[in-house]
Amino acid sequence: MRLGDSINQLAKWLSLGRVINMPELKNVPQLPIWTDENRFSLEQRARAYLDVNCGHCHTKGETLTIQGFSWIMM
C-alpha cells in the first residue's frame, strides 16, 4: 500500500488472517462518514465520531478509570 491509498480495515485484517469467520463486508453495519456533510446530518456524524472514539470506554453501566478519575457511565 502506498501513502494516500486506503483499504477497509476489516478487509485488511481478514487478508492478514487477524480475523476469521467474519461476515461479508456488505453485511457489516457501517457508520456515517464524518466528513460527508452532504449525505449525513451533523447529529449522525457527531454520534459516529463519539461511538468510534469514546464508545469503547463510555458504555452504559461500565466504570472508567483514567488519570486517577473514576467515572460511572449511565
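How each quantity is defined
- Residues numbered from 1 in each chain as written.
- Predicted model: local features only at pLDDT ≥ 70, side-chain atom pairs only at ≥ 80, totals over all residues.
- Heavy atoms only, no water.
- Helix = DSSP H or I, 4+ residues; strand = E, 2+ residues; numbered from the N terminus.
- Buried < 20%, exposed > 50% of the residue type's maximum accessible area, 1.4 Å probe, protein only.
- Areas by Shrake-Rupley, 256 points an atom, 1.4 Å probe, with all protein chains shown as cover.
- Contact = heavy atoms within 4.5 Å.
- Salt bridge = Lys/Arg side-chain N within 4 Å of Asp/Glu carboxyl O.

A. Representation of the overall build of the protein chain in the model. Tallying secondary structure elements over the protein chain gives two helices and two strands in all. Taken over 74 residues, the protein chain has a buried fraction of 7%. Of the roughly 6900 Å² of accessible surface on the protein chain, 55% is carried by carbon and sulfur atoms.

B. Representation of the environment of Pro32 within the structure. Its location among the elements puts Pro32 in the loop between helix H1 (9-15) and helix H2 (42-54). The spatial distance from the C-alpha of Pro32 to the C-alpha of Tyr49 is 8.8 Å, given a sequence separation of 17 residues. Setting aside residues up to four positions removed in sequence, Pro32 forms contacts with Phe40, Gln44 and Ala48.

C. Representation of the pattern of salt bridges within the structure. Summed over the entire model, instances satisfying the criterion amount to three salt bridges. The salt bridge involving Lys26 is made with Glu24; its shortest N-O contact spans 3.8 Å. When sorted by exposure, Lys26 lands in the same class as Glu24, which is exposed. As a salt-bridge pair, Asp36 and Arg39 come within 2.7 Å of each other at their nearest N and O atoms.

D. The arrangement of unusual backbone geometry in detail. Residue Asn21 is not a glycine yet carries a positive backbone phi of 55 degrees. With respect to the helices, strands and loops of the structure, Asn21 is situated in the loop between H1 and H2.

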